[in-house]
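Tertiary structure, described
For reference, the chains in residue letters:
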Amino acid sequence: MAFDIDRFLRDAPLLTAPTKKVRVPELKHWFPEGEEPDWEVRGLTGDEIARANDVNSRIEILRDAMEVIASAVRSNRGEALKEIMGLSDVPTDLARHFDHLMYGSVNPQISREAAVWIFKLYPVQAKSLIMEIMFLTNNGPDLGKLQDSTVTPA
């Protein structure tokens, strides 16, 4: 039996990325009192993966912009800004993971700067979140959430 492209194209707009709550007890201090330290993540889209993979060109553009800003104010703040934004000399895989965590975080939604700090201070927990995001991404959308069409009464 051949792949049913028409059915796929009909269903595709209805599919959503799967989500999962990941327990992060080490980060409990920053959750509201009485709330479980659950970080909700989701699978990534193809566009998000491509953007994360294009990290080198984006980092070069941002580094250049930071250099211009630093030279304009004649200070050493440029290096500090680059480090805060994760633009210092970090391995490409780590820079990609900053984006994966930023894109894949549902609750809380975080900035790239927050992802950098989480990796810097809690690398094991950050890697655990990334592993869940990539697991969800690899498995694709949750077909169980696909809404069946209802029969229209005559």
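Conventions adopted
The residue numbers shown here count from 1 along each chain, following its written sequence. Local features in this predicted model are restricted to residues whose pLDDT is 70 or higher, and side-chain atom pairs enter the listing and the counts only when it is 80 or higher, whereas totals over whole chains, interfaces and linings include all residues. To get the side-chain values, take all heavy atoms of the structure and skip hydrogens and water. The numbering of helices and of strands both runs from the N terminus, where a helix is a DSSP run of H or I of at least 4 residues and a strand a run of E of at least 2. Here the term buried applies to any residue with accessible area under 20% of the maximum for its type, exposed to any over 50%, and partly exposed to those in between, with areas from a 1.4 Å probe on protein chains only. Pairs of residues are marked as contacts when any of their non-hydrogen atoms sit within 4.5 Å. Computed with a 1.4 Å probe, the accessible areas rest on the Shrake-Rupley method; for each residue, only the protein chains presented here act as cover. Whenever a helix is involved, its axis is fitted only over the stretch in contact; in every case the axis is a line through C-alpha atoms, and angles between N-to-C directions fall within 0 to 180 degrees. Under this scheme an angle from 65 to 115 degrees is roughly perpendicular, one under 35 degrees roughly parallel, and one over 145 degrees roughly antiparallel; angles in between are oblique. Working rule for handedness: look at the near helix, and if it is turned counterclockwise from the far one by less than a right angle, call the crossing left-handed; if clockwise, right-handed. Under the scheme applied, nonpolar residues are Ala, Val, Leu, Ile, Met, Phe, Trp, Tyr, Cys and Pro; charged residues are Asp, Glu, Lys and Arg; polar residues are all the others, including Gly. Put simply, a patch holds well-exposed residues, over 30% relative accessible area, that have no salt bridge, with like charges counted together within 9 Å and Val, Leu, Ile, Met, Phe, Trp or Tyr side chains within 5 Å. The term salt bridge refers to a pairing of a side-chain nitrogen on Lys or Arg with a carboxyl oxygen on Asp or Glu at a separation within 4 Å. In the analysis that follows, any N or O atom pair within 3.5 Å is treated as a polar contact, provided that within protein one partner can donate a hydrogen and the other can accept it, and provided that, for residues neighboring in sequence, both atoms belong to side chains. Each pair of strands is called paired provided DSSP finds at least two bridges between the two strands. The way it works is a 1 Å grid over only the protein atoms, where trapped points that fit a 1.4 Å probe form a cavity and open points with protein on both sides within 12 Å along at least five of seven lines form a pocket, and then any residue with an atom within 4 Å of a point lines it. Grid points are joined across faces, edges and corners, and a volume is the space filled by probe spheres set on the points.

Attention shifts here to the overall build of the protein chain. Within the protein chain, the regular secondary structure consists of seven helices and three strands. Taken from N to C terminus, the helices and strands of the protein chain fall in the order α-β-β-α-α-α-α-β-α-α. A buried classification covers 31% of the 154 residues belonging to the protein chain. Within the protein chain, contacts between residues at least 6 apart in sequence are counted, and of these 64% link residues at least 24 apart. Carbon and sulfur atoms make up 57% of the accessible area of the protein chain, which totals about 10500 Å².

On to the packing of helix α2 (residues 46-53) against helix α5 (residues 92-104). Direction vectors running N to C along α2 and α5 enclose 150°, while the axes themselves pass 8 Å from each other. Overall, the two elements α2 and α5 adopt an arrangement that is roughly antiparallel. You can see that α2 and α5 cross each other, and the crossing is right-handed. Of the residues in α5, those touching α2 at Glu 48, Arg 51, Ala 52 and Asn 53 are Arg 96, Asp 99, His 100 and Tyr 103. Broken down by class, the residue content of the contact of α2 with α5 amounts to two nonpolar, two polar and four charged.

Side chains of Phe 3, Ile 5, Phe 8 and Leu 9 sit close together on the surface and give an oily, nonpolar patch of about 430 Å² of accessible area. In this fold, Leu 9 is placed in helix α1 (residues 5-11).

Turning to its location among the elements, Ser 105 is positioned in strand β3 (residues 105-107). Among the polar contacts made by the side chain of Ser 105, one reaches the main-chain carbonyl oxygen of Leu 101 at a distance of 2.7 Å.

The subject of this paragraph is the pairing of strand β2 (residues 38-42). Among the five residues that make up β2, four are buried, leaving the element largely enclosed by the rest of the structure. As paired strands, strand β1 (residues 19-23) and β2 are joined by five bridges and run antiparallel to one another. Along β2, the bridge assignment pairs Arg 23 with Asp 38. As judged from the two bridges shared by β2 and β3, these two strands associate in the antiparallel manner. When the bridges of β3 are listed, Val 41 appears paired with Ser 105.

Evaluated as defined, the whole model comprises nine salt bridges. The residue Arg 23 makes a salt bridge to Asp 38 at a minimum N-O spacing of 2.5 Å. Note that Arg 23 is positioned in strand β1 and Asp 38 in strand β2, a separation of 15 residues in sequence. With relative accessibility at 47%, the residue Arg 23 sits in the partly exposed group. Between Asp 47 and Arg 51 there is a salt bridge, and its shortest N-O distance comes to 2.9 Å.

This part is about the layout of surface pockets. Looking at the largest pocket, its volume works out to about 190 Å³. Together, Leu 27, Trp 30, Phe 31, Trp 39, Pro 108, Trp 117, Ile 118, Leu 121 and Tyr 122 line the largest pocket. In terms of residue count, the dominant contributor to the lining of the largest pocket is helix α6 (residues 112-121) (three residues). Broken down by class, the residue content of the lining of the largest pocket amounts to nine nonpolar, no polar and no charged.

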